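Chains, contacts and geometry: an overview
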Amino acid sequence: KSEPVTRETMDLAEALGGEFSQAGKKLCEELEIRGGVQVVGIKRDGLLDRSGVKEGFVITYINDRPITSLSALQRVSEKVQTIDGVYPNGKAVRYVIVE
C-alpha cells in the first residue's frame, strides 16, 4: 500500500533528496524499532547525500519527532535539522543537518 504523493510529500522527499519506503516488519523487529522509513534512493547533492546518509538507512526520528511511517514523514513541515535512525547492520546514527 503506497501513500498518495501530495505536493507537501514531494517537498520533503525533494528537500531531503531521497526516495523512501516503509521499513518492513521483519527489519523493524531485527533492529528493535517500532517502525521507520528506509532510504532506498539518494539523489546526488541532495540533503541526505551532503549529510553523509547512505542507502539502507532507516529514519526513526526527524527533529526528535518519531517517524514510524511514510505518512509521519509527510507530516514533517519544518526545516529538517536532525535525522536519527539506524542502519540494517544495527549501527545507530544521528545526522545533524548543516546547510
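All figures in this text were calculated on a predicted structure; none of them were measured in a lab.

To continue, consider the overall build of the chain. The number of helices and strands found in the chain is four helices and six strands. Helices (α) and strands (β) of the chain occur, in sequence order from the N terminus, as α-β-α-β-α-β-β-α-β-β. Contacts spanning at least 24 positions in sequence make up 49% of the contacts within the chain whose residues lie at least 6 apart. Roughly 6,000 Å² of accessible area belongs to the chain as shown, and the carbon and sulfur atoms make up 51% of that amount.

Ranked by internal contacts, the top residues of the largest apolar core, which has 22 residues, are Leu16, Phe20, Phe57 and Ile83. Elements that contribute at least two residues to this core include exactly α1 (7-16), β2 (37-42), α3 (47-51), β3 (58-62), α4 (70-74) and β6 (92-96). Phe57 has contacts with Val37, Gln38, Val39, Ile83, Asp84, Gly85, Val86, Tyr87, Val93 and Tyr95, leaving out every residue within four places of it along the chain. The next biggest cluster of nonpolar side chains, apart from the first, holds six residues, and it includes Leu27, Cys28, Val58 and Val86.

Next up on the list: the pattern of salt bridges. Following the criterion strictly, the structure yields five salt bridges and no others. For the salt bridge of Glu29 with Lys25, the shortest nitrogen-to-oxygen distance reads 2.9 Å. Here Glu29 pairs with Lys25, and both are found in helix α2 (residues 25-31), just four residues apart, close to one helical turn. Residues Glu29 and Lys25 agree in their burial class; the two are exposed. Salt-bridge contacts for Glu30 lead to Lys26; the nearest nitrogen and oxygen are separated by 2.7 Å. Linking Glu30 with Lys26, this pair stays in helix α2, spanning four residues, or about one helical turn.

Note on placement: Arg94 falls in strand β6. C-alpha of Arg94 to C-alpha of Ile83: the two residues are eleven residues apart in sequence and 5.7 Å apart in space. Beyond its immediate sequence surroundings of up to four residues, Arg94 is in contact with Asp64, Thr82, Ile83 and Asp84. Polar contacts involving the side chain of Arg94 include one to the side chain of Asp84, which spans 2.9 Å.

Reading the values: rules and limits
Residues numbered from 1 in each chain as written. Predicted model: local features only at pLDDT ≥ 70, side-chain atom pairs only at ≥ 80, totals over all residues. Heavy atoms only, no water. Helix = DSSP H or I, 4+ residues; strand = E, 2+ residues; numbered from the N terminus. Contact = heavy atoms within 4.5 Å. Areas by Shrake-Rupley, 256 points an atom, 1.4 Å probe, with all protein chains shown as cover. Core = buried A, V, L, I, M, F, W, Y, C linked by side-chain atoms within 4.5 Å. Buried < 20%, exposed > 50% of the residue type's maximum accessible area, 1.4 Å probe, protein only. Salt bridge = Lys/Arg side-chain N within 4 Å of Asp/Glu carboxyl O. Polar contact = N/O pair within 3.5 Å; in protein donor to acceptor, adjacent residues only side chain to side chain.

In short, geometric facts, not functional conclusions.
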